[in-house]
Every structure is written in C-alpha cells, then in structure tokens.
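# Chains, contacts and geometry: an overview
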Amino acid sequence: MVSAQNLKVLSRDEIFSKEPEWRVPGGSNYFSMYSSVFGGVVTDPALMVLPVDDHMVHRGDGIFEAFKCVNGYIYNLGAHLARLQKSAELISLNLPFDLDTIRKIIIETVAIGGVRDCMIRVFVSRGLGGFDCAPKECPKSNLYVIAMEAWTAPGYFYTEGVSAITSKIPVKPAFFPEVKSCNYLPNVLVDMEAEQNKAEFAIMVDPEGYLAEAATENVAIVNEEKIFMYPKCGQWSIGLWPP
Ligand SMILES: Cc1ncc(COP(=O)(O)O)c(C=O)c1O
C-alpha cells in the first residue's frame, strides 16, 4: 500500500507567488515567453512553463527554430519561418497558426521582452495529450516563443580559433537531419564528448567521413582554392546555408 510521509502537497500560490529560485540552475536571463496554451505573453520566468503532457516534453515530438534579434532587428526571420514550415510538413504537424500570424507573435513577444538584442527560440509542439507516443491523442499543436539573453562567443574564438575533435556519435540517419526537431539526444552527446575531450566542439561526420555538423553549429571549410564549402542542407546538416 503506498503512503505519503515526507512530500509536501503544494498549492498553486506556493509555487507561483515566491521568487523563481526553484528554477536554478537554469540560470539564463529570460525576457518574455508567448505560449498558445495560455494565449498570451508572460515576463515572469516562473510562469514560463510547459504542461508535462505536451508530447514535446516526453517524446521530443516538436520542432524548433533559434535566431537572434540584433539591435532591434530579427535576423533572417523569413528563412527561419520557411524552415519551420518545412519541418512541420515533414512530420505531418499542423502549425497552430498561419506563418504570418506566427511572425507577428514572434515580433510582439520580442518587443514585450523590451531588449534590442536577444536570442529567440520558437517551438511548435505536437500539443497536449496523454503520455502515449501516437500524436492522435493531441488535438491541437502549440506554439511557444521565448526571448532570452543571447550567448556571445568569446573574443578568442575569432582571434585564435577554436579546438575541435571528430565526434564518434553517429550522425542522424537520412531524413532526420531534414527536420529541425526537438530530438537532440545525439547532439547532447556530441557536446558532452567535446567537453570530455577538452575541445570546444565535436564535429559529426557522415557515414563516408565527410563533414556534417557540430551539436548546434554549422561547419564549413575554405578549401585550398579559397572556395567556401559547406554540406548540403538537409543531407547531413540542418543548417540554413544559402540554397
Ligand atoms: C544541429 C544544428 N546544426 C546547425 C545549426 C545552425 O543552424 P542555423 O543555420 O539556423 O544557424 C543548429 C542550430 O540550432 C543546429 O541545432
């Protein structure tokens, strides 16, 4: 027979009224978040939460985009929205709004965040359901948009360069690199591998040993003829290279 002895049952007020110290160590600066679950924007990080039965949480069944706002201008928004749409189509995920509405939600969320420079993360999830795998229990997809402090590469990245190793983690098999999905376990392991080997980056290679990508970075080379070369987008890399 199960019985409760130590655990406290918390009220809604006990969770949301206090300072969001329970968020540590996820200590980034978050400025604003739009959630289609709530139907609006919050600026208190304690309220930037997702329902645990959203299939994006427990199955990684969602897609995302990440891009910057620089000095008040969002970089390459059109290309990111186009890739979001393509990812959605590839996994038969209905976007909760048309692209123009999503664009307006992104711009307004950033404006409410009140800073000119930030990182913007956009997620479209399969939506709330039970804990099954099949999407049929999710009647409606969700949109989440977060404006947060942007990471800036240290100066020596540009002056001295970075160290990189070849990753032993197999690159995602065909089809999967075409979808910018929330299934990032291989990428997590790639980042861990870099850290364990005291390198800044670990770079995945395709089955023939050609460059693919790093955990969350594109990789390109300038060859001996000084030609800038990069993997074909969607083959082994999800990066937004020129078409
Ligand atoms: C696996 C992976 N490759 C490459 C990139 C770089 O993408 P972009 O071309 O949009 O900067 C990212 C960024 O999120 C990524 O997650």
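Remember, predicted model here, so these are calculated numbers, not experimental data. (Residues numbered from 1 in each chain as written. Predicted model: local features only at pLDDT ≥ 70, side-chain atom pairs only at ≥ 80, totals over all residues. Heavy atoms only, no water.)

With respect to spatial proximity, 13 residues lie near the ligand, and among them Arg-83, Lys-180, Tyr-184, Glu-213 and Leu-240 are the closest. At 2.8 Å, a side-chain N or O of Arg-83 approaches an oxygen atom of the ligand. For the ligand, whose free accessible area comes to 400 Å², the fraction covered by protein is 84%. Of the residues that constitute the shell around the ligand, the class distribution is four nonpolar, five polar and four charged. (Near = heavy atom within 4 Å. Polar contact = N/O pair within 3.5 Å; in protein donor to acceptor, adjacent residues only side chain to side chain. Areas by Shrake-Rupley, 256 points an atom, 1.4 Å probe, with all protein chains shown as cover. Nonpolar A, V, L, I, M, F, W, Y, C, P; charged D, E, K, R; others polar.)

Now for the packing of helix α3 (residues 77-90) against helix α4 (residues 99-113). Axis separation between α3 and α4 bottoms out at 11 Å; the angle between their running directions is 130°. The angle between α3 and α4 falls in the class oblique. Crossing angle aside, the handedness with which α3 passes α4 is right-handed. Facing α3, whose interface residues are Leu-77, Leu-81, Leu-84 and Gln-85, α4 presents Leu-99, Ile-102, Arg-103, Ile-106 and Ile-107. (Axes fitted to C-alpha atoms, helices over the stretch in contact; angles between N-to-C directions. Helix = DSSP H or I, 4+ residues; strand = E, 2+ residues; numbered from the N terminus. Parallel < 35°, antiparallel > 145°, perpendicular 65-115°, else oblique. Left-handed = near helix turned anticlockwise from the far one by under 90°. Contact = heavy atoms within 4.5 Å.)

Counting through the fold element by element, Arg-126 comes out in the loop between β5 (118-125) and β6 (142-148). A distance of 2.7 Å separates a polar atom in the side chain of Arg-126 from a polar atom in the side chain of Asp-61. In terms of polar contacts, Arg-126 uses its side chain to reach the backbone carbonyl oxygen of Ile-91, at 3.1 Å. Setting aside residues up to four positions removed in sequence, Arg-126 forms contacts with Asp-54, His-55, Asp-61, Ile-91, Ser-92, Leu-93, Pro-135, Cys-138, Lys-140 and Ser-141.

Okay, the side chain of Ser-181 next. Position of Ser-181 relative to the elements: it lies in the loop between β7 (164-166) and α6 (185-196). Looking at Ser-181, the relative accessible area reads 11%, which means it is buried. In terms of polar contacts, Ser-181 uses its side chain to reach the backbone amide nitrogen of Asn-183, at 3.1 Å. Apart from the residues within four sequence positions on either side, Ser-181 is in contact with Gly-62, Ile-63 and Phe-64. (Buried < 20%, exposed > 50% of the residue type's maximum accessible area, 1.4 Å probe, protein only.)

Pairing is mixed across the open sheet formed by three strands, whose spatial order is β7-β8-β9. The open sheet has two edge strands, β7 and β9 (211-214), and neither has a second partner. This sheet shows a mean twist of 35° between the axes of neighbouring strands, independent of strand direction. Of the pairings in the sheet, the one linking β7 to strand β8 (residues 201-205) comprises three bridges and is parallel in character. Its bridge partner being in β8, Thr-166 is matched across the sheet by Ile-203. Seen against the sheet, α6 touches β7 and β8 and runs at an angle of roughly 130° to β8. (Pairing = 2+ DSSP bridges.)

By themselves, these figures tell us nothing about what the structure is for.
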